[in-house]
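Architecture at a glance
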Amino acid sequence: MEVTSTPIYIRKKSNGRISIKSGNKVERVMKATGIVLFGLTILAFMSFNYSGLDLTKAISETAYNLKTMFLEPALSHFTWGEAFYQVGITLGLAFLSTILGAVIAFFLALMAATNLSNKWISKTVRILVAFVRAVPTVLWVLIFAIAAGLGSEAAVLGMLFHSIAYLVKAFSEAFEEVDKGILEALTATGANWWHTVTHAILPSTFTYLLSWTFLRFEINFSVAVAMGAAAGAGGIGFELFMASGFYFDMREVGLITYMILILAIVLELTSTRLKSRYFPATSVK
Amino acid sequence: MNEKVMRNQRKWQTIIFATIIIVLTYLSSDITNFNIIHGIATLPNAFTWIVSNLFITQETLERLPKILEKLAETILMSIAATTTATVFSLFLGLMGSKTTGTSNLLGAFARFIASVARNIPVVAWALILLLSFGQNSVTGYLALFVGSLGFLTRAFIESIDEASQSAVEALRATGATYFQIVYKAVIPQCLPQMISWILFMIETNIRSATLVGILTGTGIGYSFDLYYKTLNYHAVALVTLSIVISVIMLELISNHIRKVIL
Amino acid sequence: MSLLKVEKLGKSYNADAKVLNDVSFEVEAGEFVSIIGPSGAGKSTLLRCINRMVEIDEGKVIFDGNDVGSLNKKELRKMRTNIGMIFQHYNLVPRLSVIENVLHGRFGYKTTVQGILGKFTEDEKEQAFYLLKKLGIEEHAYKRCDQLSGGQQQRVGIARSLIQEPKIVLCDEPIASLDPNASKVIMDYLKSITMELNITCIVNLHQVEIARSYSDRIIGLSKGGIVFDGPSYRLSTDSTDLIYGTKTVEKRQLVTV
């Protein structure tokens, strides 16, 4: 019954000691990833441009600034009413780009889902979406700012592009998970493509679509803040940029940061709630 | 009868939901001065402009070495921010997870740090740090570091919570110490998931680094801003293309690694 | 003196229900004892009180002359090295190799740093291979644990507990997730190896027949109390009825022999 005694199963390392690692592909790839990232990190720190940096001074100054920001927040260049109005603009930008993005993404996702569309259309949409996603949102906004003229249109269109790309990926994956049997059953009854979409695809994925859309809204809120600061899109982000870059008013920066933080936390809690309720087993991505 | 009531209720829910969305959309367009008709109307012009201006000429290609250098700086910065944040996030993650946490107080502390770091947008961090660190790579690095710390800590807490408890119990029964258990029973189970998150973070950071670069005057964001402001749109196209290619390449590599390890 | 002495042990997870109530017994070195009883009788908790994987509420557990309940963290770790444990779901680290999982049993003897760096002596590794060979799974040493069948994984679990050089092995439903053939293999190995190395063995089981055919002594547990304690051959149908409550019994009485 026993395998005859042989040490042949024992593997030795080059130094003659017994190896205990299984040494499979997974382990090798993880190790290689780690080593490469470690090496690149070292390289990064060596190649950084440290010009004009006095680290001790910078750190103590930042600590002081953070203290002023978070312990003595106050408004000085504009009123509370105006502050809420600016937050409203940021939320508005985020909301518009999300809701328009969701509607457009829905149709594109129908075209991108392999179980609903033909192979070539699906491939084309996917490649297009991958390209759009790879361009950072701020570049879209800046490009539209020249192409379409400044104003909220540029900001919304720029953010819209990225939102569409993000949601098409999420939506089409949700569509593809719809049970094949349901589609087959409907087709068998003679339902056409639109019937299938409205009576099978939409009802069975609606909650997913909703949570993904809300998640994107959460992301778009911080994107809208960023666009205000970096691309002049207005809203609370622009005020933040002015307070820190123009007036150097740390108290105001602090107050604005608090407002953004509180809103972001509320949005995050809501989307976590939605997510754990509707699809507990998917990643945050 | 009951079914009819339910169907009616469903119908009303849908109507209310749709109304809320429409009202919010209207309010949003009002507050932001966004005109959807105008928005759509500008699209054709915008695309014509993009097609007729954003292309790469022979002359712009001469700037390629300079652009690639900046791109490399940005990519390296993103990687460094992610890897260093990983180290700290790992400890915060272990503290914050129900499985491996040792005290409720430390756990709450870890989750608080992560939440603040994550929910204050990277731009805000960049602006705050810019004041004392000045325009150099370290500012951008730190801003990305803080954002990554927040995101990765949350992701790690989730991964650790998902890992099976059974091996932890077995190791505890052999008399292993806390760190032996963490290192030999918890980490090996979550490692693939964690690596996947790290790769995702690097992808995200490269995109954010462009934005941060515009503000802090470093990396590829600076190049973009420079050409953008000097109206050199061919160079803008080249910069954009170089970012797209590097992001897509990184995504392909990450997906390949994920396929093997997950 | 006996190796293990349990005195008036009581345990409750919440105020309403007591999982264990006034449990007392002694186990001599080298004994093979089965604890049987329906699920929820407190078998798992009883086993985990012995190596203090759950805290003891009332009474005492004396193992090898030490009062388990009063040990500090360091002493507890040291004591646990003398107690092997085998689990229903094997409790291996799925992504690591078989040999690594076996060597995990040595952690109690190592400092934190040695354990983290995976510093095992050649003697320990050879011992691990020796045990794997004894359990007939030497050829799988470098496979990942999740590639093994249930029976094979449980043998890895046995090897992990044996490499601790324990005085006693606690088995918590070791065959509850296995098919009859694999169950027999596991029980045969447990019996033969613990006999050969003179290790005491306490096994939680819910199959009466298996308990009867492998163990020297059976302890019957029902609703947190001992209702039978005696040599296997004395376990009668009446007492199994008492343990499993298959027949309504007027008065619950202690059947000590």
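Given the structure is predicted, the values throughout are model-derived calculations rather than measurements.

Along chain B, the regular secondary structure elements total eleven helices and zero strands. Of the regular secondary structure in chain B, the N- to C-terminal order runs α-α-α-α-α-α-α-α-α-α-α. Taking 262 residues into account, the globule formula puts the C-alpha radius of gyration at 18 Å, and chain B, at 24 Å, lies well above it. In terms of its C-alpha atoms, chain B occupies a principal-axis envelope of roughly 70 × 70 × 40 Å. A total of 262 residues make up chain B; the buried ones form 50% of that total. Restricting the contact set of chain B to residue pairs at least 6 apart, pairs at least 24 apart contribute 74%.

The helix and strand tally for chain A stands at ten helices and zero strands. Taken from N to C terminus, the helices and strands of chain A fall in the order α-α-α-α-α-α-α-α-α-α. Computed over the C-alpha atoms, the radius of gyration of chain A is 26 Å, more than 25% above the 19 Å expected from 2.2 N^0.38 for a compact globule of 285 residues. The principal-axis extents of the C-alpha atoms in chain A amount to approximately 85 × 70 × 35 Å. Burial status across chain A gives 40% buried among its 285 residues.

The next thing to look at is the environment of S152 of chain A. Its place among the elements puts S152 of chain A in helix α6 (residues 152-176). Assessed through the 23 C-beta atoms surrounding it within 10 Å, S152 of chain A is described here as buried. Along the sequence, S152 of chain A and G234 of chain A sit 82 residues apart, while their C-alpha atoms lie 8.0 Å from each other. Setting aside residues no more than four positions away along its own chain, S152 of chain A makes contact with L93 and G234 of chain A together with T32, N33 and F34 of chain B.

On to the interface of chain B and chain C, then. With 18 residues of chain B in contact, the opposing surface of chain C contributes 23 residues. For the side of chain B that touches chain C, the secondary structure elements donating two or more residues are α8 (166-173) and α9 (178-216) of chain B. When the residues that make up the side of chain B that touches chain C are grouped by side-chain class, the tally is nine nonpolar, six polar and three charged.

Residues and elements named next belong to chain B. Put simply, α8 and α9 touch, their axes get as near as 9 Å, and they point 145° apart. α9 is crossed by α8, and the crossing has right-handed handedness. Residue-level inspection shows A167, V168, L171 and R172 of α8 in contact with α9, the latter providing Q180, I181, K184, A185 and V186. Here the contact of α8 with α9 is composed, by residue class, of six nonpolar, one polar and two charged.

With 231 residues, the main nonpolar core has V141, F171 and M227 of chain A together with V123 of chain B as its most contacted residues. Element by element, the count of residues in this core is highest for α9 of chain B, at 19 residues. Excluding residues that lie within four positions of it along the chain, V123 of chain B makes contacts with V225, A226, A229, A230 and G237 of chain A together with L211 and L215 of chain B.

We now examine the interface of chain B and chain A. Chain B puts 60 residues into the contact, and the matching count from chain A is 68 residues. In terms of residue count, α9 of chain B provides more of the side of chain B that touches chain A than any other element does, nine residues in total.

Before going further, it helps to examine the sheet that holds strand β2 (residues 20-27) of chain C. All names here are of chain C. With antiparallel pairing, the four strands of this open sheet are ordered in space as β2-β1-β4-β5. Edge strands, defined here as strands with exactly one partner in the open sheet, are β2 and β5 (66-67). Packing of helix α1 (residues 43-50) onto the sheet brings it into contact with β1 (4-11), β2 and β4 (58-63), and relative to β1 it is tilted by some 125°.

Residue and element names in this part refer to chain C. Within the chain, Y90 stands out as a residue other than glycine whose phi angle is a positive 65°. Along the chain, Y90 falls in the loop between β6 (83-86) and α3 (98-103). Phi at E173 is positive, roughly 45°, even though this residue is not glycine. Mapped onto the secondary structure, E173 falls in the loop between β7 (168-172) and α7 (180-196). Using a count of 20 C-beta atoms within 10 Å as the deciding quantity, one classes E173 as buried.

Quick look at the pairing of strand β10 (residues 225-231) of chain C now. Residues and elements named next belong to chain C. Of the pairings in the sheet, the one linking strand β9 (residues 217-222) to β10 comprises six bridges and is antiparallel in character. In the strand pairing of β10, I218 is matched with G230. Here β9 folds back onto β10, and the loop between the two strands holds two residues, one of which, K223, carries a positive phi near 50°.

Attention now moves to the confidence of the model for chain B. All names here are of chain B. On average, residues of chain B carry a pLDDT of 89, and 99% of them reach 70 or more. Mean pLDDT across the secondary structure elements of chain B bottoms out at helix α2 (residues 36-53), with 82, and peaks at helix α4 (residues 64-96), with 94. The ipTM assigned to the predicted complex is 0.86, against a pTM of 0.86.

The next subject is helix α6 (residues 122-133) of chain B. Residues and elements named next belong to chain B. Between the first and last C-alpha of α6 there are 15 Å, a value that for twelve residues agrees with the 16 Å anticipated at 1.5 Å per step. Within α6, ten of the twelve residues are buried, leaving the element largely enclosed by the surrounding structure. Taken together, the buried positions of α6 are V122, V123, A124, W125, A126, L127, I128, L129, L130 and F133.

Each regular strand shows side chains that alternate between the opposite faces of the sheet. All names here are of chain C. Pairing of β1 with β2, which is carried by five bridges, proceeds in the antiparallel orientation. What sits directly across from K11, in β2, is L20. Across five bridges, the pairing between β1 and β4 is antiparallel. Bridge pairing in β4 links E7 to K60.

Looking now at the domain arrangement of chain A. When its domains are assigned, chain A resolves into domain 1 (17-45) and domain 2 (78-278). One C-alpha centre belongs to domain 1 of chain A, the other to domain 2 of chain A; they are set 37 Å apart.

A few words on the environment of L241 of chain B. Residue and element names in this part refer to chain B. Position of L241 among the secondary structure elements: in helix α11 (residues 233-261). With 17 C-beta atoms counted inside 10 Å, the residue L241 sits in the partly exposed group. Distance from L241 to L54, taken between C-alpha atoms, is 10.0 Å for residues 187 residues apart in sequence.

As a further point, take the packing of helix α5 (residues 137-147) of chain A against α6 of chain A. All names here are of chain A. As a packed pair, α5 and α6 sit with axes 8 Å apart at the nearest point and diverge in direction by 140°. The orientation of α5 with respect to α6, classified from their angle, is oblique. Remark: the crossing between α5 and α6 carries right-handed chirality. When α5 is examined against α6, the residues T137, W140, V141, F144 and A145 are found in contact with a partner set consisting of A154, A155, L157, G158, M159, F161 and H162. Considering only residue class, the contact of α5 with α6 consists of nine nonpolar, three polar and no charged.

Our focus in this paragraph is the environment of G59 of chain C. All names here are of chain C. Residue placement: G59 occurs in strand β4. When the 18 C-beta atoms within 10 Å are taken as the criterion, G59 is described as partly exposed. G59 sits 35 residues away from S24 along the chain, and the two C-alpha atoms are 8.9 Å apart. Not counting residues up to four positions away in its chain, the partners in contact with G59 are E7, K8, L9 and G10.

All names here are of chain A. Mean pLDDT over chain A stands at 85; residues scoring 70 or higher make up 94%. Low pLDDT, under 50, characterises residues 1-5; the predicted model gives this stretch five contacts beyond four residues in sequence or across chains. Within the model, pLDDT remains below 50 along residues 280-285, and this stretch shows two contacts once partners closer than five positions in the same chain are excluded.

Scoring rules and cut-offs
- Residues numbered from 1 in each chain as written.
- Chains lettered and ligands numbered in written order.
- Predicted model: local features only at pLDDT ≥ 70, side-chain atom pairs only at ≥ 80, totals over all residues.
- Helix = DSSP H or I, 4+ residues; strand = E, 2+ residues; numbered from the N terminus.
- Rg over C-alpha atoms; globule rule 2.2 N^0.38 Å.
- Buried ≥ 20, exposed ≤ 12 C-beta atoms within 10 Å, placed from the backbone.
- Contact = placed C-beta atoms within 7 Å.
- Nonpolar A, V, L, I, M, F, W, Y, C, P; charged D, E, K, R; others polar.
- Axes fitted to C-alpha atoms, helices over the stretch in contact; angles between N-to-C directions.
- Left-handed = near helix turned anticlockwise from the far one by under 90°.
- Core = buried A, V, L, I, M, F, W, Y, C linked by C-beta atoms within 7 Å.
- Pairing = 2+ DSSP bridges.
- pLDDT = per-residue confidence, 0-100.
- Expected span 1.5 Å × (residues − 1).
- Domains from an automatic or database assignment.
- Parallel < 35°, antiparallel > 145°, perpendicular 65-115°, else oblique.

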